[in-house]
Each structure stands twice: as C-alpha cells, then as structure tokens.
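A look at the structure
Take a look at the letters that make up each chain.
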Amino acid sequence: MISGHDLVVAAADLPEIAPQALADAARRGGLDDSDRRLIRLFSTAVYHLPAADAVARIALVTSPQSAARLATSVRVTRWLTHTGFPTVEPLDVDQPVVSHGCAVTFWRYLPQHGPAPGPADLGHLLRRLHSLAPPPFPLPAYQPLVSVRRAIEASQAVNNDERAWLGGYCERLLDAYRQLAFDLPPGMIHGDAWWGNLLRDGDQVVLADWDAVSTGPREIDLIPTLQAPRFGLPEHERDAFIAAYGHDIRGWSGYPVLRDIRELSTISALLRDAHLDPAAHDQLQVRLHSIRTGDTRQWTTF
C-alpha cells in the first residue's frame, strides 16, 4: 500500500532522494550497495551494484499505480524467464521497495560486450513475444497517453497556452484512437518497445524495461521503431525491423494516429524535467513546435 506520504511528483527531487531510496531498499533486500555507481539519471536513476552483481532502477512514485506497475513488471519478467523468453531477470528479493517517494527494483547485472543490439533484434524478439500464450495472471489494459496527460497537468516547463493546446490535442488523439480497427490480434505487449531497451546477455539479446507491460493492440509495440526517423533511424533499419517481425503497418489507416500518440508520449519526461535543464527545455520546445506545426525535423534523444 502506498500512502500519500510516499507520493512524490517533483522530478527535482530524484537526484537527491535516489541514493537515499537505494540505500534503504538495498538494506531491506539484504544487498550490498556500498560501491554503487550511477549509470543513468533522467526519468529514472539506474545504478550498478558491483558487490551484489545487480542493477537498481529507482523511479519516482508519481501515482498510486506506480508501485503496482513495477510489481507487474517484476512478475512478468520472472514468468518470462521461466518460459525461456530472453528478458532481463529480477533478483529474487521482495520488490519493488517503496522508499523516500521512490519505487526501487533490482535486476541481474549484464555486462555489455559486443555490438549494440539494433531494430532487427527487436523485431525478432517482438515476434516471439507476441506468439506467447498469455501469462497465468492478469495484466493491466493498455491506456494511451496516461503519463503524458499527467505530465502536462503538472509541468512547470510549459505556459498556459501550451498546456491548454496539449490537453486538447490529447483529447483529439484519444477520440481518433477509440475509432481504430486494428489488424493484429490483441494480447500481451511490452508497451515501450524500442531498441534502446535491448541489452546483451552474452551472445543473446534480451528485452528490458517492462514498466509499461500490458494487454493491448500488438501494433503499439511496432510504432516506436517506425516512428524513429525522428531520432535519426535510417529507413533500411526500419525495413529490417519489419522484415524480422513479419508484418508492416505503415500502410494501415490507423498508423498515423499511433505515430502521433507515440510522438506526443516522447515528451513526458521532458515535461517533468525541462524546467531544471536548459538542454531539455530547448528540446521540449523543438518537439512542441514539431507537433504543433507538423514539421519533420529530427529530434535529440535524452
């Protein structure tokens, strides 16, 4: 159970409270975090714990569903590991741990050697994932734009005109989404399937970051890669992804709606953090201009 005391919505607190949350969660899980090393800090904080041969992910608890969503990701990846699907593996500790307004999860550390995985690797994994039988427990239903709508309302990085336009744009996209007729059968989806969530585990590629796992249209998992020219992905790599997956949705009538939903979703973390980071603020303005005017300029990743 998450109390109001545990809820934190200010991204400004994450750099300060993440080490405290990690220290408390590691102690409660019996893990040694004495030589922790920060790997990444943006929407989440990711630490390597060499003594525990583990990775810790620390996310702000921004809603009463935050810890439940992470608990589902742990449960799903344990089940997937048991089935033999290539995924990151959660440690065998009671998790997530809610502390200092954060939810902390622990995962087996994977040294990254060899060539970086790419879109074709993701296509193969998604084809395999979408062919699995449903897990023996319920998953939440996919709900588009929930996090971005929350971020729009709370953002200190946009003015009132921008906030009102974004809110109206969300409603227009949701209306269009409700009218879509999907080609692929619904089922378990990763929910944030892009090649940045791929890792190497020795010779195999595994899929990470299952925070958005849910039941929904399989097309949702294809959109991040197909939308990726915004971030410089060449056309031949998009084609390789589709060839590996085995189904191309770019000619489907609903593709533009899902593409626009994905593009809007990419600004969620920027909406939360851009008032603290000039580079993030500049990129937020670039993306807002693109979304409002329909320009096709390339965006910078964070």
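Please refer to the structure higher up on the page.
In this report, we go over the structure that sits alongside the text. Residue positions are given per chain, counted from 1 along the sequence in the order it is written. Whole-chain, interface and lining totals are the exception, using all residues; otherwise, since this is a predicted model, local features are given only for residues with pLDDT of at least 70 and side-chain atom pairs are given and counted only at 80 or more. Excluded from the side-chain calculations are hydrogens and water; all other atoms, namely the structure's heavy atoms, are used.

In this description a helix means any DSSP run of H or I spanning at least four residues, a strand means any run of E spanning at least two, and both kinds are numbered starting from the N terminus. Relative to the helices and strands, A164 is located in helix α5 (residues 160-178). Think of it in three bands: with a 1.4 Å probe and only protein chains considered, a residue is buried below 20% of the maximum accessible area for its type, exposed above 50%, and partly exposed in between. Relative accessible area serves as the criterion here: at 54%, A164 is assigned to the exposed category. Along the chain, A164 and L145 lie 19 residues apart, while their C-alpha atoms are 15 Å from each other.

Another point: the packing of aromatic side chains. Here is the rule: rings of Phe, Tyr and Trp (six-membered ring for Trp) pair when centre to centre is within 6.5 Å. Planes less than 30 degrees apart are stacked, more than 60 are edge-to-face, and the remainder are tilted. Inspection of every chain in the model, using the stated rule, returns eight aromatic pairs. We call a charge positioned over a ring when the NZ of a Lys or the CZ of an Arg lies within 6 Å of the ring centre and within 35 degrees of the ring normal. In this structure, R172 packs its charged tip against the face of W165, placed 5.7 Å from the ring centre.

Between Q95 and P96 the backbone carries a cis peptide bond, its omega angle lying at 5 degrees. Looking at where P96 falls in the secondary structure, it is placed in the loop between α2 (66-83) and β4 (97-99). One non-glycine residue with positive phi stands out, namely D53, at about 50 degrees. Take D53: it is sitting in the loop between β2 (44-49) and β3 (54-60). The phi torsion at D209 lies on the positive side, around 60 degrees, for a residue other than glycine. Mapped onto the secondary structure, D209 falls in the loop between β8 (204-207) and β9 (214-216).

The next point concerns the sheet that holds strand β5 (residues 102-108). The strand order β1-β2-β3-β5-β4 describes an open sheet built from five strands, whose pairing is antiparallel. If you trace the sheet from one side to the other, it starts and ends with β1 (37-41) and β4, each paired once. Taking each pair of neighbouring strands and ignoring which way they run, the sheet shows an average axis angle of 25 degrees. The pairing of β4 with β5 spans three bridges and is antiparallel. Residue V98 lies in a different strand from β5, and its bridge partner there is A103. Two residues qualify as a contact provided that any one of their heavy atoms is within 4.5 Å of a heavy atom in the partner residue. Lines fitted to C-alpha atoms define the axes, with helix axes restricted to the stretch in contact, and inter-axis angles between N-to-C directions lie between 0 and 180 degrees. The sheet contacts of helix α1 (residues 14-29) involve β1, β2, β3, β4 and β5, and relative to β5 the element is tilted by about 60 degrees. α2 contacts β3, β4 and β5 of the sheet and is inclined by roughly 10 degrees relative to β5. Pairing between two strands is assigned when DSSP locates at least 2 bridges connecting them.

This brings us to the layout of surface pockets. As a volume, the second largest pocket reaches approximately 240 Å³. Cavities and pockets are defined on a 1 Å grid built over the protein atoms alone: a cavity is a set of grid points where a 1.4 Å probe fits but cannot escape, while a pocket is an open set with protein on both sides within 12 Å along at least five of seven lines, and lining residues are those with an atom within 4 Å of any such point. Forming the walls of the second largest pocket are 15 residues, and the residues nearest its centre are R230, R259, E263, D295 and T296. When residues of the lining of the second largest pocket are traced back to their parent elements, those giving at least two are α8 (255-265) and α10 (278-293). No other element matches α8, which puts four residues into the lining of the second largest pocket. By the convention adopted, Pro, Cys, Tyr, Trp, Phe, Met, Ile, Leu, Val and Ala count as nonpolar, Lys, Arg, Asp and Glu as charged, and the other residues, Gly among them, as polar. Broken down by class, the residue content of the lining of the second largest pocket amounts to five nonpolar, four polar and six charged. Grid points are joined across faces, edges and corners, and a volume is the space filled by probe spheres set on the points.

Salt bridge, as used here: a side-chain nitrogen of Lys or Arg that lies within 4 Å of a carboxyl oxygen of Asp or Glu. Under the defined criterion, the tally for this structure stands at 19 salt bridges. Of the charged contacts in the structure, one is a salt bridge between R178 and D175, with a shortest N-O distance of 2.8 Å. Separated by three residues within a single helix, R178 and D175 lie in helix α5, roughly one turn from each other. For D175, a relative accessible area of 39% gives the class partly exposed.

Attention now moves to the packing of helix α3 (residues 119-130) against helix α6 (residues 219-226). Here α3 crosses α6 at 175 degrees, and the two axes come no closer than 11 Å. By the angle class used here, α3 and α6 are roughly antiparallel. Each of P119, L122, L126, L129 and H130 in α3 lies in contact with α6, whose residues at this interface are D221, L222 and T225. Considered class by class, the residues forming the contact of α3 with α6 number five nonpolar, two polar and one charged. Just so you know how the angles are binned, under 35 degrees is roughly parallel, over 145 roughly antiparallel, 65 to 115 roughly perpendicular, and the rest oblique.

Looking now at the pairing of β5. With respect to burial, β5 is a largely interior element, six of its seven residues being buried. With seven bridges joining them, β3 and β5 adopt antiparallel strand pairing. Residue pairing for β5: A56 is matched across the bridge by F106. The antiparallel hairpin formed by β4 and β5 contains two residues in its connecting segment, where H100 sits at a positive phi of about 50 degrees.

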